[in-house]
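Residue-level structure breakdown
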Amino acid sequence: MSTPTVENEPASKIDLAESGDGAGAVESFDITLKIRRYDPERAEDAWWDEWQLTMYGTDRVLDAMHKVKWEIDGTLTFRRSCAHGICGSDAMRINGRNRLACKTLLKDLDTSKPIVVEAIKGLPIEKDLIVDMEPFFQSYREIMPFFINNSPEPTAERLQSPEDRERFDDTTKCILCAACTSSCPVFWTDGQYFGPAAIVNAHRFIFDSRDDAGDLRLEVLNDKEGVWRCRTTFNCTEACPRGIEVTKAISEVKTAILTRSF
Ligand code: SF4
Ligand code: FES
């Protein structure tokens, strides 16, 4: 018995249920996918569409969205690239919580109710699930997310102890998906706030012993729209698909501003 495979096809398009005598068969089930749509060329206001779909136990929310786009309604619009939790392009609100569509298995959701998908909050919606990420990246650019070292270029790599590397290990994992920033109530009410993602990425360089511009970044974040706007609600930490302790990183940056020890 061979398992049918289709190169470069998502799980939803591979007919695993027909794998012979049932050994290795993947259970199928029906879902209702409900998506908040917006298209200024079609209507002034947003509206909801829903579809009944048969999906499989290995499918993710992204697979259900692909099924709609490729087989039912090609106008459904969303961002995605890697489909494996790396590029950070498919953060969306799924059942009221920010998640990556490519990392959310349908079987882990309550499929007895509609699965509700909306664009992330706090950024202008351009079409369906696509938001304008420019305000998010503007804050990211302002914290200078690159290595700055003023000493003469070394002839070999700049060494760092394992302990020094550990100081910022967690914040190197960020994939800039914006799930944290767009789950932050302060950011919803004040789009000028730098937001958790920018602070996480500042943290990555502030606590890097090889970097010389920590003071500059702390100055940027000591702004009225900087770290002090954080209300420690932990939404960001809960939303982060990479498991980064976002609130802890923000609190370490606050302490560094007060003590200048980093
Ligand atoms: S900290 Fe986490 S949630 Fe925020 S942008 Fe980075 S990966 Fe996404
Ligand atoms: S598509 Fe790349 S993170 Fe989900």
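Residues numbered from 1 in each chain as written. Chains lettered and ligands numbered in written order. Predicted model: local features only at pLDDT ≥ 70, side-chain atom pairs only at ≥ 80, totals over all residues.

A few points about the nonpolar core
This is how it is decided: Nonpolar cores are identified as sets of buried Ala, Val, Leu, Ile, Met, Phe, Trp, Tyr and Cys residues joined via C-beta atoms within 7 Å. Once C-beta atoms are placed from the backbone, each residue is buried if 20 or more other C-beta atoms lie within 10 Å of its own, exposed if 12 or fewer, and partly exposed for counts between those two. Runs of E in the DSSP output that reach at least two residues are strands. Runs of H or I that reach at least four are helices, and both are numbered from the N terminus. Domain boundaries shown here were taken from an automatic or database domain assignment. Any two residues are considered in contact once their C-beta atoms, placed from the backbone, lie within 7 Å.
Core analysis: the largest hydrophobic core is formed by 59 residues, its most contacted members being I199 and V253. A per-element tally of this core places helix α5 (residues 196–206) first, with 7 residues. A domain-level breakdown of this core finds at least three residues from each of domain 1 (28–131) and domain 2 (134–148 + 163–259). Those residues in contact with V253, other than ones at most four positions away along the chain, are I199, A202, H203, I206, L221 and V227.

Regarding the environment of F234
Take F234: it is sitting in the loop between α6 (214–221) and α7 (235–239). Taking the number of C-beta atoms within 10 Å as the measure of exposure, F234 has 13 and is therefore partly exposed. As for F234 and I94, which are separated by 140 residues in sequence, their C-alpha atoms are 18 Å apart.

Considerations on the site of ligand 1
What counts here: Near, as applied to residues and a molecule or strand, means the residue's backbone-placed C-beta atom lies within 6 Å of it. Each residue gets one label: Ala, Val, Leu, Ile, Met, Phe, Trp, Tyr, Cys and Pro are nonpolar, Asp, Glu, Lys and Arg are charged, and the others, such as Gly, are polar.
Every one of the 15 residues lining ligand 1 counts as a neighbour, but C174, C177, C180, A197 and C240 are closest to it. In terms of residues, the shell around ligand 1 owes the most to one element, α5, which gives 3 residues. Residue composition of the shell around ligand 1, by class: 14 nonpolar, no polar and 1 charged.

Observations concerning the domain arrangement of the protein
Segmenting the protein into domains produces domain 1 (28–131) and domain 2 (134–148 + 163–259). Between domain 1 and domain 2, the C-alpha centre-to-centre distance is 28 Å. Counting residues at the interface gives 13 residues for domain 1 and 14 residues for domain 2. For the side of domain 1 that touches domain 2, the leading source of residues is strand β4 (residues 97–100), giving 3 residues.

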